[in-house]
Amino acid sequence: MAGILVYALHYEGAFNKNSLGAVAEAARLASELGTEAHAIVVGEGVSDDLAGQLGGYGAAKVFKVEGPEGLSQPVVDAMAKVMTDNGHDYALFGGGLLGFEIGAGLAARIGAGVTMEVTSVSVDGGKLVAERPILGDSSISESRYKGKGIIIGRLNAFEVPASNGGTAAVETVDVEFSPWSTKAKMVQRGEQRGADVDIEGADVLIAGGRGLGKPEGFDQLQDLAGAFGGNSAVAATRAVVDAGWYPYAAQIGQTGKTVAPKLYLAAGISGAIQHKVGMQSSENIVAINKDSNAPIFEFSDLGIVGDLNKIVPKLIEAVKAKKG
Ligand code: FAD
């Protein structure tokens, strides 16, 4: 049957939040299309119980494939087989680098159109339409598909509802992996620094943007947060998170987290509307920017015009001195 297939990434017995959002989004779209949303789980020894939990987010059925975890090529093999055997018209991914890799490989394998960094999906004329920002996020492009379509969301583009407690039927599928798919092995997983920081609960947030110039620019922000001590943390804009300078978990804004700390100190952040919506309720906003016309100054309580590389070290000294 025609339908939407969602790749559900899981790790240590829990599904990735963006995958859950994609399942819920697929369920919404499928009901408008008059079809079903299905999910696919690839991994070693995944229990039916875990796979079935995706029913609570709207999956009508879950395909379970025994295979290597966390690698793109085996998932391409598995999704190509399931989509071909079951006649799915669309595949949907929650976002992230693995989704980009799998989606691109899958599109090439089954001859589908592919759209990445999608922020919104709708139904028009019985087909899916995907929207993605282009030209430095200044315009929106719309993708429609002549045949099958692969849609890969931006991280956090799809809202994650709470599970309704339902379970889905689980169908185990045997997949014959391509020879190249079994060549790579996952040997180790690492955690990104800051990935576990609770920025939503912080009283003092030191946020960095592209003006930091390089990933190491975050070191001085960590030092400043450390000088404040207590309940302080470091956050980031989407631009630097997308560039891989800082973890997604610390992203503030429309497609990140919404915060309202006592102090929000923005260093090298322009103040785009999508960033503003995530931090505008902060009690005190202080911005450091070398451009006196930067939009962030329009909604800051205190603006410091200058080079953050000169100002942040002075601030660290001043805060430490004050704290004694
Ligand atoms: P830039 O806009 O490049 O700004 C860098 C700033 O640093 C400039 O103002 C510059 O003057 C200053 N600077 C440079 N060097 C120095 C220096 N040495 N000292 C001091 N200042 C310096 N963005 C988010 O942040 N969060 C979101 O959730 C988000 N969601 C989005 C969703 C959609 C649908 C779209 C279209 C966009 C979204 N964006 C989001 C992106 C947003 O539009 C901006 O592109 C982004 O916020 C810009 O990040 P930035 O301020 O780090 O970089």
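Residues numbered from 1 in each chain as written. Predicted model: local features only at pLDDT ≥ 70, side-chain atom pairs only at ≥ 80, totals over all residues. Heavy atoms only, no water.

Trainee: Report on the overall build of the chain, specifying residues and quantitative values.
Mentor: In terms of regular secondary structure, the chain is built from 8 helices and 17 strands. Looking at the chain as a whole, 48% of its 324 residues qualify as buried. Summarising the internal contacts of the chain: among those between residues at least 6 apart in sequence, 64% fall at separations of at least 24. Counting only carbon and sulfur atoms, one obtains 49% of the accessible surface of the chain, whose full area is about 15100 Å². (Helix = DSSP H or I, 4+ residues; strand = E, 2+ residues; numbered from the N terminus. Buried < 20%, exposed > 50% of the residue type's maximum accessible area, 1.4 Å probe, protein only. Contact = heavy atoms within 4.5 Å. Areas by Shrake-Rupley, 256 points an atom, 1.4 Å probe, with all protein chains shown as cover.)

Trainee: So what's going on with the sheet that holds strand β14 (residues 232-236)? Which residues, and what values?
Mentor: Spatial ordering of the open sheet is given by β14-β13-β15-β16-β17, a layout of 5 strands whose pairing is parallel. Only two strands of the sheet have a single partner each, and these edge strands are β14 and β17 (302-305). Averaged over all adjacent pairs, the angle separating strand axes in this sheet is 15°, with direction ignored. Note that strand β15 (residues 263-267) and strand β16 (residues 284-289) share 5 bridges and pair parallel. Bridge pairing links Tyr264 to Ile285 in β16. Of the strands in this sheet, β15, β16 and β17 are in contact with helix α8 (residues 308-323), which crosses β16 at around 135°. (Pairing = 2+ DSSP bridges. Axes fitted to C-alpha atoms, helices over the stretch in contact; angles between N-to-C directions.)

Trainee: So, the site of the ligand: which residues are in play, and what are the values?
Mentor: Around the ligand there are 29 residues in total, and Thr237, Ile252, Thr255, Ser270 and Gln274 lie nearest to it. Between the ligand and Arg238 there is a distance of 3.0 Å, counted from an oxygen atom to a backbone nitrogen or oxygen. Within the backbone of Gly256, a nitrogen or oxygen atom sits 3.4 Å from an oxygen atom of the ligand. Burial of the ligand by the surrounding chains reaches 85%, relative to a free accessible area of 990 Å². Mapping the ligand onto the cavity grids shows that it belongs to the second largest pocket. Sorting the residues of the shell around the ligand by element identifies α6 (238-242), α7 (273-279) and α8 as the ones contributing at least two each. Its residues placed into classes, the shell around the ligand shows 6 nonpolar, 16 polar and 7 charged. (Near = heavy atom within 4 Å. Polar contact = N/O pair within 3.5 Å; in protein donor to acceptor, adjacent residues only side chain to side chain. 1 Å grid on protein atoms, 1.4 Å probe; cavity = no way out; pocket = protein on both sides within 12 Å on 5 of 7 lines; lining within 4 Å. Sits in = over half its atoms within 2 Å of the grid points. Nonpolar A, V, L, I, M, F, W, Y, C, P; charged D, E, K, R; others polar.)

Trainee: Can you explain the confidence of the model for the chain? Please cite residues and give values.
Mentor: For the chain, the mean per-residue pLDDT works out to 93, and 97% of the residues sit at or above 70. Here the predicted complex scores 0.65 on pTM and 0.99 on ipTM. (pLDDT = per-residue confidence, 0-100.)

Trainee: Provide a residue-level description of the pairing of strand β4 (residues 36-43), including the pertinent values.
Mentor: Most of β4 sits inside the fold, with 7 of its 8 residues counted as buried. Bridge analysis of strand β1 (residues 3-7) against β4 gives 5 bridges, and the strand direction is parallel. Directly across from Gly3, in β4, lies its bridge partner Glu36. Pairing between β4 and strand β5 (residues 61-66): 6 bridges, direction parallel. If you follow Val41 over to β5, its bridge partner there is Lys64.

Trainee: I'd like to hear about the pattern of salt bridges, residue by residue, with values.
Mentor: Applying the stated criterion to the full structure yields 11 salt bridges. For Glu25, the salt bridge is made with Arg28, and the minimal N-O distance between the two is 2.8 Å. In this pair, Glu25 and Arg28 are both assigned in helix α1 (residues 17-33), 3 residues apart and thus about one turn of the helix distant. Accessibility expressed as a relative area gives 13% for Glu25, which makes it buried. Owing to a relative accessible area of 36%, Arg28 belongs among the partly exposed residues under this scheme. (Salt bridge = Lys/Arg side-chain N within 4 Å of Asp/Glu carboxyl O.)

Trainee: So, the sheet that holds strand β6 (residues 90-93): which residues are in play, and what are the values?
Mentor: A sheet is described by the order of its strands in space; here 7 strands give the open sequence β7-β11-β6-β1-β4-β5-β12, paired in parallel fashion. Of all strands in the sheet, those bounded by a partner on one side alone are β7 (113-118) and β12 (169-173). If you compare each strand with its neighbour and ignore which way they point, the axes differ by 20° on average. Lying over the sheet, α1 contacts β1, β4 and β6, oriented at roughly 180° with respect to β1. Contacting β1, β6, β7 and β11 (149-153), helix α4 (residues 97-110) runs over the sheet at an angle of about 175° to β11.

Trainee: Go over the environment of Gly306, please, and point to the residues and values.
Mentor: Looking at the secondary structure, you find Gly306 in the loop between β17 and α8. For the pair formed by Gly306 and Asp291, sequence separation is 15 residues and the distance between their alpha carbons is 7.4 Å. Contacts of Gly306, omitting those with residues within four sequence positions, involve Ile288, Asn289, Lys290 and Ile311.

Trainee: Could you give me a rundown of the nonpolar core, with the residues and numbers involved?
Mentor: Ile4, Val41, Leu54, Val62, Leu92 and Ile151 are the most contacted members of the largest nonpolar core, which totals 31 residues. The set of elements that each furnish at least two residues to this core consists of β1, α1, β4, α2 (48-52), β6 and β9 (127-134). No other element matches α1, which puts 7 residues into this core. Apart from the residues lying within four places of it in its own chain, the contact partners of Val41 are Ala8, His10, Phe15, Val46, Ala51, Leu54, Val62, Phe63, Lys64 and Val65. (Core = buried A, V, L, I, M, F, W, Y, C linked by side-chain atoms within 4.5 Å.)

Trainee: Describe the layout of surface pockets, naming the residues involved and giving the relevant values.
Mentor: Empty space within the second largest pocket amounts to approximately 860 Å³. Taken together, 38 residues form the lining of the second largest pocket, with Arg210, Thr237, Ala239, Ser270 and Ala272 sitting closest to its centre. Only β9, α6, α7, β16 and α8 provide two or more residues apiece to the lining of the second largest pocket. When its residues are assigned to classes, the lining of the second largest pocket shows 11 nonpolar, 17 polar and 10 charged. (Points joined across faces, edges and corners; volume = space filled by probe spheres on them.)

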